Structure formats: C-alpha cells, structure tokens
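# Chain and residue survey
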Amino acid sequence: MRSPAHHCRDIERQAGYLQPEHCAPPPPRGRPSAMWFIRDGCGIVCGIITWLLVFYAEFVVVFVMLLPSKSLTYSIINGTLFNSLAFLALASHFRAMCTDPGAVPKGNATKEFIESLQLKPGQVVYKCPKCCSIKPDRAHHCSVCKRCIRKMDHHCPWVNNCVGENNQKYFVLFTMYIALISLHALVMVAFHFLYCFEEDWTKCSTFSPPATVILLILLCFEGLLFLIFTSVMFGTQVHSICTDETGIERLKGESATWEKVGCWEAMKAAFGGPLSLAWLSPFTDLSCKRQHSPHIHTTPQGEIIEEDVIEIPLEY
C-alpha cells in the first residue's frame, strides 16, 4: 500500500501533468544572479496593472481630495499616511516579484549530487522530470517559473512569481499594505462625499463636479474590490504559516510527512526572527535558518540520471 504522499508524487510524475523535456547535463556553475525575474507575459502585464492602479489611487487621493481640502492638517496627516502605505505596498510587491522564492537548481539530478547529500541507506529521493532536479521535501514544480520551488504555496500572476519559502513574507506584507491603503482610501472618499454635499461641489475639487464624481466612484470601486481580495489573501497566508501547511499541500491533500511547528515559531521562521518592526519592513532579508539541506544550492557536474525515483541501496 502506498501512502498519500507517494500518490501525490506519482501524480506529479505522470506525463499528463509534466511533459518531460530533454535533460541535458547541468552547465558549469557561474556567479549566481542577484535578480530573480520571471519572463511571463501574463504576469508582467498583471504586475504593471497593479502599479498603475496604485498610481491611480495616489492621483485621486492627492489631487482630488487632499490638495483642494481647506484643512492643511487633514491633508498633511492623511497624505503622509496614504503615501507611506502606498510606498511600502509597492516595495513589498517589488521584493515579492524579484526575490527567488526558493528555486531548486535545475539539472542537479546527478549521481555525484545524490552522493553529496549523504543520505541514509533505504532513503528515497525523487527527480522532477521537467527540470531534472532532485526535489527536496515539500517542493513542487511550477509550470510558469519552470522550476521546483521549496514550500511553494501558489503562483501569483499579480506579483509575477511563485509564493514560496523565501518570499512569502513580502507577499504577506504586500497584501496587508494594499488592504490598508484600500481601507484608508474608502474612508477618505466617504468623508469627501459628505464634505462636497455640505459645500458647493465646485469648491470641493479642482475638477468639474461630474469628473470628480466619476473619479471618486472608480476609486471607491477599486478600493472595495482590492480590500476584499487582499484581506482574504492576507488571512489565507497567515493561516498557511500558522498551520505550517502551504496552499498547494492543502489542495492536493498531502499527508504531513514533516514535523509541524507551532504558529509562533512558524511566524518567526517566515518573517525572519523574533517579533520586531522588521516584520513590517520589506527591506529586511530573511535571516532565520532554513531547514533544507546545506548542499541544496550546489550543482555538481555529471550525467543526469534516468530514474525518477532513486532509492539509496542498503548496505550489507
């Protein structure tokens, strides 16, 4: 009888799920790239749309609501808060998009690499037939990134990247800050409508009354839509971290073959250390120790093995 984990591995090895490509020996190792960027047309368009929507909200908030306001204090406080949150949201989006989510080196399924792992006799390792990599535990292949990703939660076109072990913090911050600026924009729109109803519409904005109403309604629709969407995503990601189970693992119904950690320990691992202001910053790197093999980034030279399931022979 095979366990559910073996069943899921078998699904990933089926030709219908991954069309095997020709596996060439890994190229000589060079200097690792400092920038990670997925060349996917859909993801690039979605990423650009995300930035344009934030810039549109910035335009309406500043030029339609804050600058025409008679209260300088109101404009300064709300302008500073909204612009700070928008800057943090875009910075988090950039880090989530341009951070390696935890990709396994392509073409490391060689005899030399397996020997370097120093596995125990009887242990079984799996080769991904798509990228010719030895798959660590909890790694899954992404057909868009064309790589196996450690602790892959899902591929998000809005950040044009997978959400995985190394960039989940930035994705969580991105959804949180977008939800906050959406809520802030909706509150300001409500106050601005009340102000314009009490005052002359021609005095509450530098734009004409019809243009002002259209701009505010579009911002209200955008803010409400993204508030709901990002709030759900934020809650889903925090739940995944606390339960130490990724979205793709829940979707496939994989049995937990790893030792789960508590919610607080998982949060500290995902956000890079004990609770501090660094948790809220997209400019800090993850400093916590990872549980994967220290040899995972090496790519020894050698011929790619043909088997998809490799069992370490028992010693007699």
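Residues numbered from 1 in each chain as written. Predicted model: local features only at pLDDT ≥ 70, side-chain atom pairs only at ≥ 80, totals over all residues. Heavy atoms only, no water.

## A few points about the pattern of salt bridges
For the record, the criterion: By salt bridge we mean one thing: a side-chain nitrogen of Lys or Arg within 4 Å of a carboxyl oxygen of Asp or Glu. Strands here are runs of E lasting at least two residues and helices are runs of H or I lasting at least four, both read from the DSSP assignment and numbered beginning at the N terminus. Each residue is assigned to one of three classes by its accessible area relative to the maximum for its type, calculated with a 1.4 Å probe on protein chains only: buried under 20%, partly exposed between the two thresholds, exposed over 50%.
Going through the model one piece at a time under the given rule, you end up with five salt bridges. Lys268 is the salt-bridge partner of Glu265, the closest N and O atoms lying 3.2 Å from each other. Remark: Lys268 and Glu265 occur in helix 8 (residues 263-271); sequence separation between them is three residues, near one turn of the helix. By relative accessible area, Glu265 is classed as partly exposed at 45%.

## Let's talk about the pairing of strand 3 (residues 139-142)
Filter applied, for reference: Pairs of strands are assigned from DSSP output, requiring at least two bridges between the strands.
What you see with strand 3 is no split at all: Ala139 and His141 on one side and His140 and Cys142 on the other are buried throughout. Sheet analysis places strand 3 next to strand 4 (residues 147-150), joined by four bridges and oriented antiparallel. Looking at the pairing, His140 lines up with Ile149 of strand 4. Here strand 3 folds back onto strand 4 in antiparallel fashion, the turn holding four residues, of which Lys146 has a positive phi close to 60°.

## Looking at helix 5 (residues 168-198)
As a reminder of what qualifies: An expected span of 1.5 Å times one less than the residue number is assigned to each helix.
Taking 1.5 Å per residue as the helical rise, helix 5 with its 31 residues ought to reach 45 Å, and the 46 Å between its terminal C-alpha atoms agrees with that figure. For helix 5, the buried fraction is high: 22 of the 31 residues fall into the buried class.

## Comments concerning the state of the cysteines
Keep this limit in mind: Two cysteine sulfurs form what is called a disulfide whenever their separation falls within 2.5 Å.
Taken as a whole, this structure holds one disulfide when the rule is applied. The disulfide bridge from Cys242 ends at Cys263, spanning 2.3 Å between sulfur atoms. Taken together, the residues span a long stretch of sequence, with Cys242 in helix 6 (residues 209-243) and Cys263 in helix 8 at a distance of 21 residues. On the accessibility criterion, Cys242 (22% relative accessible area) is partly exposed. With no disulfide of its own, Cys148 lies 3.5 Å from the sulfur of Cys131, the closest cysteine sulfur. By relative accessible area, which is 0% here, Cys148 ends up buried. A disulfide-free cysteine, Cys156 has its sulfur positioned 8.2 Å from the sulfur of Cys46, the nearest such atom. Look at Cys156 and you get buried, because its relative accessible area is 7%.

## Notes on the confidence of the model for the protein chain
The line we're drawing: Predictor confidence is given residue by residue as pLDDT, running from a minimum of 0 to a maximum of 100. Residues are treated as being in contact if the distance between any of their heavy atoms lies within 4.5 Å.
With 79% of its residues at a pLDDT of at least 70, the protein chain reaches an overall mean of 82. Contacts from residues 1-22, a stretch scored under 50 in pLDDT, to residues over four places away or in other chains number 31 contacts. Low pLDDT (under 50) marks residues 286-300, which in the prediction has 42 contacts with non-local residues, meaning those over four places away or in another chain.

## Digging into unusual backbone geometry
Excluding glycine, residues mostly carry a negative phi; peptide bonds, for their part, are mostly trans. Unlike most non-glycine residues, Cys132 shows phi in positive territory, near 55°. Mapped onto the elements, Cys132 comes out in the loop between strand 1 (124-128) and strand 2 (133-135). In this model, Asn160 sits at a positive phi of 50°, which is unusual for a non-glycine residue. Residue position: Asn160 is located in the loop between strand 5 (154-156) and strand 6 (161-163). On the basis of relative accessibility, which here comes to 0%, the residue Asn160 falls in the buried class.

## Regarding the packing of helix 3 (residues 72-98) against helix 5
Selection rule: Only the stretch in contact is used when a helix axis is fitted, and all axes are lines through C-alpha atoms; the angle between N-to-C directions ranges over 0 to 180 degrees. When describing relative orientation, an angle under 35 degrees is termed roughly parallel and one over 145 degrees roughly antiparallel, while 65 to 115 degrees is termed roughly perpendicular and anything else oblique. Take the far helix as the reference: if the near one is turned anticlockwise from it by less than a right angle, the crossing is left-handed, and if turned clockwise, right-handed. Polarity classes work like this: nonpolar for Ala, Val, Leu, Ile, Met, Phe, Trp, Tyr, Cys and Pro, charged for Asp, Glu, Lys and Arg, and polar for all others, with Gly in that last group.
Running from N to C, helix 3 and helix 5 point in directions that differ by 155°, and their axes come no closer than 8 Å. In terms of orientation, helix 3 lies roughly antiparallel with respect to helix 5. Pair helix 3 / helix 5 crosses with left-handed handedness. Packed against helix 3, whose contacting residues are Tyr74, Asn78, Leu81, Phe82, Leu85, Ala86, Leu88, Ala89, Ser92, His93, Arg95 and Ala96, the element helix 5 presents Tyr170, Phe171, Leu173, Phe174, Tyr177, Ile178, Leu180, Ile181, His184, Ala185, Met188 and Phe191 at the interface. Taken together, the residues of the contact of helix 3 with helix 5 break down into 19 nonpolar, four polar and one charged.

## What to know about a nonpolar patch on the surface
So the rule is basically this: Each patch is built from residues lacking any salt bridge and having more than 30% relative accessible area; the joining distance is 9 Å for like charges and 5 Å for nonpolar side chains (Val, Leu, Ile, Met, Phe, Trp, Tyr). Here the accessible surface of atoms and residues is derived via Shrake-Rupley with a 1.4 Å probe, and residues count as covered only by protein chains that are part of the display.
On the surface, a cluster of nonpolar side chains totalling about 650 Å² of accessible area is made up of Met35, Phe37, Ile44, Ile48, Leu52, Phe55 and Phe94. In terms of residues, the nonpolar patch owes the most to one element, helix 2 (residues 41-66), which gives four residues.

## Some remarks on the packing of aromatic side chains
To keep it simple, the criterion reads: Aromatic contacts are taken between Phe, Tyr and Trp rings whose centres are within 6.5 Å, Trp giving its six-membered ring; a plane angle under 30 degrees counts as stacked, one over 60 as edge-to-face, and the others as tilted.
Summed over the entire model, instances satisfying the criterion amount to six aromatic pairs. A ring pair is formed by Phe59 and Phe207, whose centres lie 6.0 Å apart and whose planes are at 75°; its orientation type is edge-to-face. In this pair, Phe59 sits in helix 2 while Phe207 sits in the loop between helix 5 and helix 6, placing the two residues 148 residues apart along the sequence. Note on Phe59: relative accessible area 32%, which makes it partly exposed. Summarising the aromatic geometry, the rings of Phe271 and Trp279 are spaced 5.1 Å apart at their centres and angled 25° between planes, so their arrangement reads as stacked.

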